[in-house]
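Residues per chain, in single letters:
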Amino acid sequence: MEQLTVAAPSKHYPVFVGENALQQLPLLIQELTPAVTRILIITDDNVAPLYLGKVAALLSSETTVHEHILPHGDQEKSFANYIACQTKALESGLDRRSLIIALGGGMIGDLAGFVASTYMRGIRFIQVPTTLLAHDSAVGGKTGINHELGKNMIGAFHHPEAVIYPIECLRTLPVNEIRSGFAEVIKHALIKDEVFYRALHEEVRSLTEVGSGTLQKAIVTGIQIKADIVRQDERENGVRALLNFGHTLGHAIEAELGYGKWTHGDAVAAGMRFALRVGAAVYGIPLIEEKEMNAWLIELGYPPLPAGLEAERLLARMKKDKKSHRGTVQMVLLPRIGRAELLEVPDPLLKRELQSFLA
Ligand code: NAD
Ligand code: ZN
(Lines give C-alpha, C1' and ligand atoms only; values in the text may rest on other atoms or scores of the structure.)
(Ligands and ions follow the chains in the order given, each with its own letter.)
Protein backbone atom coordinates (compact mmCIF):
# COMPACT_ATOMS: atom_id res chain seq x y z
CA MET A 1 0.00 0.00 0.00
CA GLU A 2 1.18 3.52 -0.73
CA GLN A 3 0.41 6.72 1.09
CA LEU A 4 0.47 10.22 -0.37
CA THR A 5 -0.65 13.60 0.89
CA VAL A 6 -2.81 16.13 -0.87
CA ALA A 7 -1.47 19.46 0.36
CA ALA A 8 -4.09 21.93 -0.86
CA PRO A 9 -3.80 25.43 0.62
CA SER A 10 -7.02 25.02 2.63
CA LYS A 11 -6.50 21.42 3.74
CA HIS A 12 -3.98 18.60 3.89
CA TYR A 13 -5.23 15.02 3.79
CA PRO A 14 -3.87 11.54 3.21
CA VAL A 15 -4.55 9.22 0.28
CA PHE A 16 -4.03 5.48 0.80
CA VAL A 17 -3.81 3.37 -2.34
CA GLY A 18 -3.51 -0.39 -2.47
CA GLU A 19 -4.84 -3.80 -1.66
CA ASN A 20 -6.25 -3.66 1.86
CA ALA A 21 -6.19 0.12 2.05
CA LEU A 22 -9.60 -0.31 3.69
CA GLN A 23 -7.85 -1.39 6.88
CA GLN A 24 -6.96 2.28 7.29
CA LEU A 25 -10.58 3.33 7.53
CA PRO A 26 -11.32 2.50 11.20
CA LEU A 27 -7.91 3.85 12.27
CA LEU A 28 -8.49 7.12 10.49
CA ILE A 29 -11.97 7.56 11.86
CA GLN A 30 -10.71 6.88 15.37
CA GLU A 31 -8.16 9.66 15.02
CA LEU A 32 -10.60 12.31 13.84
CA THR A 33 -11.30 15.15 16.24
CA PRO A 34 -13.88 15.90 17.39
CA ALA A 35 -14.81 12.23 17.75
CA VAL A 36 -17.24 10.95 15.14
CA THR A 37 -20.77 10.56 16.47
CA ARG A 38 -22.59 8.92 13.58
CA ILE A 39 -21.68 7.68 10.12
CA LEU A 40 -23.73 7.66 6.93
CA ILE A 41 -22.40 5.51 4.10
CA ILE A 42 -23.67 6.61 0.69
CA THR A 43 -23.23 4.13 -2.16
CA ASP A 44 -24.99 2.78 -5.26
CA ASP A 45 -26.82 -0.44 -6.02
CA ASN A 46 -23.93 -1.99 -7.97
CA VAL A 47 -21.36 -1.29 -5.28
CA ALA A 48 -23.54 -2.09 -2.26
CA PRO A 49 -23.81 -5.87 -2.76
CA LEU A 50 -20.07 -6.08 -3.44
CA TYR A 51 -18.51 -3.85 -0.78
CA LEU A 52 -21.00 -2.24 1.61
CA GLY A 53 -21.00 -5.14 4.07
CA LYS A 54 -17.21 -5.25 4.11
CA VAL A 55 -16.93 -1.53 4.85
CA ALA A 56 -19.68 -1.51 7.46
CA ALA A 57 -18.06 -4.47 9.24
CA LEU A 58 -14.85 -2.50 9.67
CA LEU A 59 -16.52 0.33 11.54
CA SER A 60 -16.50 0.39 15.31
CA SER A 61 -19.56 -0.96 17.03
CA GLU A 62 -19.50 2.16 19.22
CA THR A 63 -20.54 4.34 16.27
CA THR A 64 -24.02 4.20 14.79
CA VAL A 65 -23.78 3.45 11.08
CA HIS A 66 -26.52 4.32 8.59
CA GLU A 67 -26.62 3.41 4.92
CA HIS A 68 -28.18 5.02 1.86
CA ILE A 69 -28.15 3.12 -1.43
CA LEU A 70 -28.84 5.02 -4.64
CA PRO A 71 -29.52 3.67 -8.10
CA HIS A 72 -26.34 3.63 -10.24
CA GLY A 73 -25.55 5.82 -13.26
CA ASP A 74 -24.56 9.42 -13.81
CA GLN A 75 -28.17 10.53 -14.31
CA GLU A 76 -28.56 9.81 -10.59
CA LYS A 77 -26.16 12.64 -9.68
CA SER A 78 -29.31 14.69 -9.41
CA PHE A 79 -31.18 17.18 -7.24
CA ALA A 80 -33.69 14.48 -6.34
CA ASN A 81 -30.97 12.21 -4.94
CA TYR A 82 -29.21 15.13 -3.27
CA ILE A 83 -32.44 15.87 -1.39
CA ALA A 84 -33.00 12.19 -0.62
CA CYS A 85 -29.50 12.00 0.92
CA GLN A 86 -30.12 15.12 3.03
CA THR A 87 -33.42 13.67 4.22
CA LYS A 88 -31.69 10.40 5.13
CA ALA A 89 -29.01 12.35 7.02
CA LEU A 90 -31.63 14.30 8.98
CA GLU A 91 -33.72 11.22 9.72
CA SER A 92 -30.60 9.38 10.88
CA GLY A 93 -29.81 12.19 13.31
CA LEU A 94 -26.47 13.20 11.79
CA ASP A 95 -25.03 16.24 13.53
CA ARG A 96 -22.05 18.49 12.93
CA ARG A 97 -19.69 15.85 14.34
CA SER A 98 -20.94 13.11 12.02
CA LEU A 99 -19.17 11.66 9.03
CA ILE A 100 -20.26 10.69 5.54
CA ILE A 101 -18.46 7.90 3.68
CA ALA A 102 -18.70 8.06 -0.12
CA LEU A 103 -18.34 4.45 -1.28
CA GLY A 104 -18.35 4.16 -5.06
CA GLY A 105 -17.26 5.78 -8.30
CA GLY A 106 -17.19 9.44 -9.24
CA MET A 107 -20.96 9.68 -9.29
CA ILE A 108 -21.19 8.77 -5.60
CA GLY A 109 -18.07 10.77 -4.66
CA ASP A 110 -19.37 13.96 -6.28
CA LEU A 111 -22.88 13.62 -4.89
CA ALA A 112 -22.01 12.45 -1.37
CA GLY A 113 -19.26 15.09 -1.18
CA PHE A 114 -21.75 17.78 -2.13
CA VAL A 115 -24.20 16.49 0.48
CA ALA A 116 -21.39 16.66 3.07
CA SER A 117 -20.43 20.16 1.95
CA THR A 118 -23.88 21.55 2.66
CA TYR A 119 -25.38 19.40 5.41
CA MET A 120 -25.48 21.68 8.47
CA ARG A 121 -23.17 24.02 6.50
CA GLY A 122 -20.57 21.34 6.00
CA ILE A 123 -19.59 18.11 7.72
CA ARG A 124 -16.65 15.75 7.27
CA PHE A 125 -16.50 13.02 4.67
CA ILE A 126 -14.15 10.28 3.50
CA GLN A 127 -13.84 9.13 -0.09
CA VAL A 128 -13.62 5.40 -0.73
CA PRO A 129 -13.34 5.26 -4.53
CA THR A 130 -14.14 1.96 -6.25
CA THR A 131 -13.63 2.84 -9.94
CA LEU A 132 -10.46 3.66 -11.84
CA LEU A 133 -11.88 7.01 -12.91
CA ALA A 134 -12.40 7.92 -9.27
CA HIS A 135 -8.61 8.17 -8.77
CA ASP A 136 -9.23 11.52 -10.43
CA SER A 137 -12.60 12.56 -9.00
CA ALA A 138 -11.88 11.61 -5.37
CA VAL A 139 -8.88 13.93 -5.15
CA GLY A 140 -9.08 17.70 -5.31
CA GLY A 141 -12.24 18.69 -3.48
CA LYS A 142 -14.62 19.31 -6.37
CA THR A 143 -18.08 18.05 -5.48
CA GLY A 144 -21.40 18.55 -7.19
CA ILE A 145 -24.44 17.38 -9.06
CA ASN A 146 -25.86 17.78 -12.57
CA HIS A 147 -28.53 20.29 -13.58
CA GLU A 148 -30.87 19.70 -16.50
CA LEU A 149 -29.07 22.52 -18.27
CA GLY A 150 -25.57 21.24 -17.69
CA LYS A 151 -23.38 18.60 -16.13
CA ASN A 152 -21.61 19.40 -12.83
CA MET A 153 -23.12 22.88 -12.81
CA ILE A 154 -24.13 22.93 -9.15
CA GLY A 155 -21.52 22.16 -6.54
CA ALA A 156 -18.95 23.22 -3.99
CA PHE A 157 -15.29 22.85 -3.17
CA HIS A 158 -15.15 20.55 -0.14
CA HIS A 159 -12.14 18.35 0.61
CA PRO A 160 -12.48 14.93 2.20
CA GLU A 161 -10.71 14.01 5.46
CA ALA A 162 -8.99 11.23 3.56
CA VAL A 163 -9.15 9.14 0.41
CA ILE A 164 -8.94 5.40 0.88
CA TYR A 165 -8.52 3.60 -2.41
CA PRO A 166 -8.87 -0.18 -2.11
CA ILE A 167 -7.69 -1.12 -5.58
CA GLU A 168 -8.83 -4.73 -5.22
CA CYS A 169 -12.30 -3.25 -5.96
CA LEU A 170 -11.18 -2.69 -9.55
CA ARG A 171 -11.32 -6.47 -10.11
CA THR A 172 -15.11 -6.33 -10.30
CA LEU A 173 -15.18 -3.26 -12.52
CA PRO A 174 -16.33 -3.92 -16.11
CA VAL A 175 -13.58 -3.41 -18.69
CA ASN A 176 -15.33 -0.45 -20.33
CA GLU A 177 -15.21 1.34 -16.97
CA ILE A 178 -11.50 0.48 -16.60
CA ARG A 179 -10.96 2.00 -20.03
CA SER A 180 -12.93 5.08 -19.02
CA GLY A 181 -10.74 5.67 -15.98
CA PHE A 182 -7.54 4.86 -17.81
CA ALA A 183 -8.16 7.79 -20.18
CA GLU A 184 -7.69 10.14 -17.21
CA VAL A 185 -4.46 8.35 -16.27
CA ILE A 186 -3.20 8.92 -19.83
CA LYS A 187 -4.30 12.56 -19.53
CA HIS A 188 -2.31 13.12 -16.34
CA ALA A 189 0.76 11.67 -18.03
CA LEU A 190 0.37 13.69 -21.23
CA ILE A 191 0.00 17.06 -19.52
CA LYS A 192 2.68 16.68 -16.90
CA ASP A 193 5.09 13.79 -17.21
CA GLU A 194 6.64 12.55 -20.43
CA VAL A 195 8.54 9.72 -18.73
CA PHE A 196 5.32 8.45 -17.17
CA TYR A 197 3.58 8.64 -20.56
CA ARG A 198 6.33 6.63 -22.26
CA ALA A 199 6.23 4.04 -19.49
CA LEU A 200 2.45 3.65 -19.80
CA HIS A 201 2.78 3.36 -23.53
CA GLU A 202 5.42 0.64 -23.15
CA GLU A 203 3.80 -1.36 -20.37
CA VAL A 204 0.06 -1.12 -20.93
CA ARG A 205 -1.01 -2.80 -24.15
CA SER A 206 -4.29 -4.23 -22.92
CA LEU A 207 -6.79 -3.19 -20.29
CA THR A 208 -8.18 -6.65 -19.65
CA GLU A 209 -5.01 -7.88 -18.07
CA VAL A 210 -3.49 -4.90 -16.37
CA GLY A 211 -1.47 -6.42 -13.52
CA SER A 212 -2.41 -4.76 -10.26
CA GLY A 213 1.23 -3.71 -9.73
CA THR A 214 1.28 -1.70 -12.97
CA LEU A 215 -2.15 -0.31 -12.30
CA GLN A 216 -1.31 0.72 -8.74
CA LYS A 217 1.83 2.48 -9.94
CA ALA A 218 -0.14 4.28 -12.64
CA ILE A 219 -2.85 5.30 -10.19
CA VAL A 220 -0.37 6.62 -7.63
CA THR A 221 1.49 8.66 -10.26
CA GLY A 222 -1.80 9.98 -11.66
CA ILE A 223 -2.94 11.03 -8.17
CA GLN A 224 0.43 12.63 -7.49
CA ILE A 225 0.15 14.74 -10.65
CA LYS A 226 -3.39 15.80 -9.81
CA ALA A 227 -2.48 16.54 -6.17
CA ASP A 228 0.44 18.66 -7.32
CA ILE A 229 -1.81 20.73 -9.58
CA VAL A 230 -4.42 21.12 -6.82
CA ARG A 231 -1.69 22.26 -4.42
CA GLN A 232 -0.75 25.04 -6.82
CA ASP A 233 -4.27 26.02 -7.80
CA GLU A 234 -7.00 24.78 -5.50
CA ARG A 235 -9.86 26.77 -6.99
CA GLU A 236 -9.05 26.53 -10.67
CA ASN A 237 -7.85 30.06 -11.29
CA GLY A 238 -4.86 28.88 -13.31
CA VAL A 239 -2.98 25.62 -13.82
CA ARG A 240 -5.86 23.43 -12.64
CA ALA A 241 -7.55 24.22 -15.94
CA LEU A 242 -4.86 22.09 -17.60
CA LEU A 243 -6.65 19.03 -16.23
CA ASN A 244 -9.25 19.85 -18.83
CA PHE A 245 -7.00 18.45 -21.57
CA GLY A 246 -9.19 16.42 -23.94
CA HIS A 247 -12.35 17.60 -22.22
CA THR A 248 -13.37 20.48 -24.53
CA LEU A 249 -14.29 18.19 -27.40
CA GLY A 250 -14.85 15.27 -24.99
CA HIS A 251 -17.69 17.05 -23.19
CA ALA A 252 -19.16 18.17 -26.53
CA ILE A 253 -19.18 14.55 -27.78
CA GLU A 254 -20.79 13.32 -24.56
CA ALA A 255 -23.51 15.94 -24.84
CA GLU A 256 -24.09 15.35 -28.57
CA LEU A 257 -24.40 11.58 -28.17
CA GLY A 258 -26.57 11.95 -25.07
CA TYR A 259 -25.06 11.33 -21.63
CA GLY A 260 -24.44 7.70 -20.87
CA LYS A 261 -24.08 6.56 -24.51
CA TRP A 262 -20.32 6.76 -24.28
CA THR A 263 -18.35 6.62 -21.05
CA HIS A 264 -16.66 9.84 -20.00
CA GLY A 265 -13.23 8.36 -20.64
CA ASP A 266 -14.03 7.18 -24.16
CA ALA A 267 -15.12 10.74 -24.97
CA VAL A 268 -12.01 12.21 -23.30
CA ALA A 269 -9.78 9.84 -25.29
CA ALA A 270 -11.32 11.14 -28.53
CA GLY A 271 -10.94 14.69 -27.19
CA MET A 272 -7.26 14.12 -26.44
CA ARG A 273 -6.62 12.85 -29.95
CA PHE A 274 -8.27 15.98 -31.29
CA ALA A 275 -6.36 18.28 -28.94
CA LEU A 276 -3.06 16.72 -30.10
CA ARG A 277 -4.06 17.46 -33.68
CA VAL A 278 -5.01 21.07 -32.94
CA GLY A 279 -1.76 21.44 -31.00
CA ALA A 280 0.21 20.18 -34.01
CA ALA A 281 -1.50 22.81 -36.21
CA VAL A 282 -0.99 25.64 -33.72
CA TYR A 283 2.64 24.90 -32.87
CA GLY A 284 3.56 23.66 -36.34
CA ILE A 285 4.87 20.32 -35.08
CA PRO A 286 4.50 16.96 -36.84
CA LEU A 287 1.58 14.66 -36.15
CA ILE A 288 3.72 11.70 -35.21
CA GLU A 289 2.52 11.74 -31.58
CA GLU A 290 -1.09 11.74 -32.71
CA LYS A 291 -0.54 8.78 -35.04
CA GLU A 292 1.27 6.85 -32.36
CA MET A 293 -1.39 7.58 -29.78
CA ASN A 294 -4.24 6.74 -32.15
CA ALA A 295 -2.79 3.30 -32.73
CA TRP A 296 -2.32 2.75 -29.00
CA LEU A 297 -5.84 3.90 -28.11
CA ILE A 298 -7.34 1.58 -30.72
CA GLU A 299 -5.26 -1.29 -29.33
CA LEU A 300 -6.61 -0.52 -25.84
CA GLY A 301 -10.18 -0.69 -27.16
CA TYR A 302 -11.20 2.97 -27.28
CA PRO A 303 -13.99 3.24 -29.87
CA PRO A 304 -13.68 5.10 -33.18
CA LEU A 305 -15.82 8.21 -33.57
CA PRO A 306 -19.42 7.32 -34.26
CA ALA A 307 -20.86 8.36 -37.63
CA GLY A 308 -23.14 11.36 -37.78
CA LEU A 309 -21.26 13.83 -35.57
CA GLU A 310 -21.40 17.31 -37.13
CA ALA A 311 -18.60 19.86 -36.86
CA GLU A 312 -20.96 22.85 -36.54
CA ARG A 313 -22.92 21.32 -33.68
CA LEU A 314 -19.80 20.22 -31.81
CA LEU A 315 -18.32 23.67 -32.27
CA ALA A 316 -21.44 25.31 -30.85
CA ARG A 317 -21.19 23.00 -27.82
CA MET A 318 -17.50 23.77 -27.36
CA LYS A 319 -18.30 27.48 -27.27
CA LYS A 320 -20.68 26.91 -24.37
CA ASP A 321 -17.88 25.24 -22.38
CA LYS A 322 -17.19 26.84 -18.96
CA LYS A 323 -13.68 27.63 -20.19
CA SER A 324 -14.73 29.54 -23.32
CA HIS A 325 -13.70 33.12 -23.28
CA ARG A 326 -15.86 35.81 -24.94
CA GLY A 327 -17.16 33.30 -27.47
CA THR A 328 -13.70 31.98 -28.39
CA VAL A 329 -12.93 28.39 -27.56
CA GLN A 330 -10.03 27.91 -25.17
CA MET A 331 -8.34 24.53 -25.33
CA VAL A 332 -5.55 22.87 -23.42
CA LEU A 333 -2.84 22.10 -25.97
CA LEU A 334 0.50 20.34 -25.76
CA PRO A 335 3.56 22.08 -27.19
CA ARG A 336 5.22 18.76 -26.36
CA ILE A 337 4.36 15.62 -24.38
CA GLY A 338 4.48 16.43 -20.66
CA ARG A 339 3.80 20.14 -21.06
CA ALA A 340 0.38 21.77 -21.41
CA GLU A 341 -1.01 25.26 -21.84
CA LEU A 342 -4.42 26.85 -22.18
CA LEU A 343 -4.79 28.74 -25.46
CA GLU A 344 -7.53 30.53 -27.37
CA VAL A 345 -8.05 28.71 -30.65
CA PRO A 346 -9.32 30.84 -33.57
CA ASP A 347 -12.61 29.66 -35.03
CA PRO A 348 -11.46 29.01 -38.61
CA LEU A 349 -8.58 26.80 -37.46
CA LEU A 350 -10.79 24.90 -35.04
CA LYS A 351 -13.45 24.33 -37.66
CA ARG A 352 -10.94 23.14 -40.26
CA GLU A 353 -9.30 20.71 -37.84
CA LEU A 354 -12.65 19.45 -36.60
CA GLN A 355 -13.89 18.78 -40.12
CA SER A 356 -10.78 16.81 -41.00
CA PHE A 357 -10.92 14.99 -37.63
CA LEU A 358 -14.48 13.86 -38.31
CA ALA A 359 -13.83 12.94 -41.95
P1 NAD B 1 -19.75 5.91 -11.71
O2 NAD B 1 -19.60 6.32 -10.31
O3 NAD B 1 -21.07 6.14 -12.34
O4 NAD B 1 -19.32 4.37 -11.83
C5 NAD B 1 -19.40 3.69 -13.06
C6 NAD B 1 -20.20 2.38 -12.93
O7 NAD B 1 -19.42 1.41 -12.24
C8 NAD B 1 -21.49 2.51 -12.14
O9 NAD B 1 -22.47 1.73 -12.75
C10 NAD B 1 -21.13 1.93 -10.79
O11 NAD B 1 -22.26 1.41 -10.12
C12 NAD B 1 -20.17 0.85 -11.16
N13 NAD B 1 -19.17 0.48 -10.16
C14 NAD B 1 -18.49 1.31 -9.34
N15 NAD B 1 -17.54 0.64 -8.68
C16 NAD B 1 -17.62 -0.65 -9.06
C17 NAD B 1 -16.88 -1.81 -8.74
N18 NAD B 1 -15.82 -1.77 -7.93
N19 NAD B 1 -17.24 -2.98 -9.32
C20 NAD B 1 -18.28 -3.01 -10.20
N21 NAD B 1 -19.01 -1.95 -10.56
C22 NAD B 1 -18.68 -0.77 -10.00
O23 NAD B 1 -18.72 6.65 -12.68
P24 NAD B 1 -17.18 7.03 -12.59
O25 NAD B 1 -16.68 6.78 -13.95
O26 NAD B 1 -16.47 6.45 -11.44
O27 NAD B 1 -17.24 8.60 -12.33
C28 NAD B 1 -17.84 9.50 -13.23
C29 NAD B 1 -18.29 10.73 -12.48
O30 NAD B 1 -17.16 11.37 -11.91
C31 NAD B 1 -18.97 11.75 -13.36
O32 NAD B 1 -20.13 12.20 -12.71
C33 NAD B 1 -17.96 12.88 -13.46
O34 NAD B 1 -18.58 14.14 -13.63
C35 NAD B 1 -17.28 12.77 -12.13
N36 NAD B 1 -15.93 13.36 -12.09
C37 NAD B 1 -15.65 14.24 -11.09
C38 NAD B 1 -14.40 14.81 -10.99
C39 NAD B 1 -14.09 15.73 -9.85
O40 NAD B 1 -13.01 16.34 -9.83
N41 NAD B 1 -14.96 15.84 -8.88
C42 NAD B 1 -13.40 14.50 -11.91
C43 NAD B 1 -13.71 13.59 -12.94
C44 NAD B 1 -14.98 13.03 -13.01
ZN1 ZN C 1 -12.63 13.88 -16.86
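Residues numbered from 1 in each chain as written. Chains lettered and ligands numbered in written order. Predicted model: local features only at pLDDT ≥ 70, side-chain atom pairs only at ≥ 80, totals over all residues. Heavy atoms only, no water.

Q: It is not clear to me how the coordination of the zinc ion (ligand 2) should be interpreted in this structure. Could you clarify?
A: The reference angle at a metal is 109.5 degrees if four donors form a tetrahedron and 90 or 180 degrees if six donors form an octahedron. At 1.9 to 2.1 Å from the zinc ion (ligand 2) lie its protein donor atoms, namely Glu-184 (OE), His-247 (NE2) and His-264 (NE2). As a motif over one chain, the donors of the zinc ion (ligand 2) read E-x62-H-x16-H. With Glu-184 in helix H6 (residues 175-192) and His-264 in helix H10 (residues 264-283), this pair connects stretches of sequence that are 80 residues apart. Among the residues examined, Glu-184 registers a relative accessible area of 2% and is labelled buried. (Donors = N, O, S within 2.8 Å, 3.2 Å for Na, K, Ca; no water. Helix = DSSP H or I, 4+ residues; strand = E, 2+ residues; numbered from the N terminus. Buried < 20%, exposed > 50% of the residue type's maximum accessible area, 1.4 Å probe, protein only.)

Q: So what exactly am I meant to see when it comes to the environment of Arg-231 here?
A: Positionally, Arg-231 belongs in helix H8 (residues 212-232). Each residue touching Arg-231, except ones within four places of it in the same chain, is listed here: Ala-7, Ala-8 and Pro-9. Within the structure, the side chain of Arg-231 is placed 2.4 Å from the side chain of Asp-228, a separation counted as a polar contact. (Contact = heavy atoms within 4.5 Å. Polar contact = N/O pair within 3.5 Å; in protein donor to acceptor, adjacent residues only side chain to side chain.)

Q: Would you explain the side chain of Asn-244 in this entry?
A: The topology assignment puts Asn-244 in the loop between H8 and helix H9 (247-257). Accessibility expressed as a relative area gives 10% for Asn-244, which makes it buried. Setting aside chain neighbours within four positions, we find Asn-244 in contact with His-251, Asp-321, Lys-323 and Val-332.

Q: Any chance you could explain the environment of Val-204 here in plain terms?
A: The topology assignment puts Val-204 in the loop between helix H7 (194-203) and H8. For Val-204 and Ser-10, which are 194 residues apart along the polypeptide, the C-alpha to C-alpha distance reads 36 Å. Sequence-distant contacts of Val-204, that is, excluding residues within four places in its chain, are made with Phe-182, Val-210, Thr-214, Trp-296 and Leu-300.

Q: Is there a simple way to think about the site of ligand 1 in this case?
A: Close to ligand 1 lie 25 residues, the nearest being Asp-44, Asp-74, Lys-77, Thr-131 and Thr-172. Interatomic distance of 3.2 Å between a side-chain N/O atom of Asn-152 and an oxygen atom of ligand 1. At 3.0 Å, a backbone N or O of Cys-169 approaches a nitrogen atom of ligand 1. Bound to the protein, ligand 1 loses 89% of the 870 Å² it would expose on its own. Every element with two or more residues in the shell around ligand 1 is listed here: helix H2 (47-58), helix H4 (106-118), helix H5 (134-137) and strand E8 (150-157). Looking at the shell around ligand 1 residue by residue, the class counts come to seven nonpolar, nine polar and nine charged. (Near = heavy atom within 4 Å. Areas by Shrake-Rupley, 256 points an atom, 1.4 Å probe, with all protein chains shown as cover. Nonpolar A, V, L, I, M, F, W, Y, C, P; charged D, E, K, R; others polar.)

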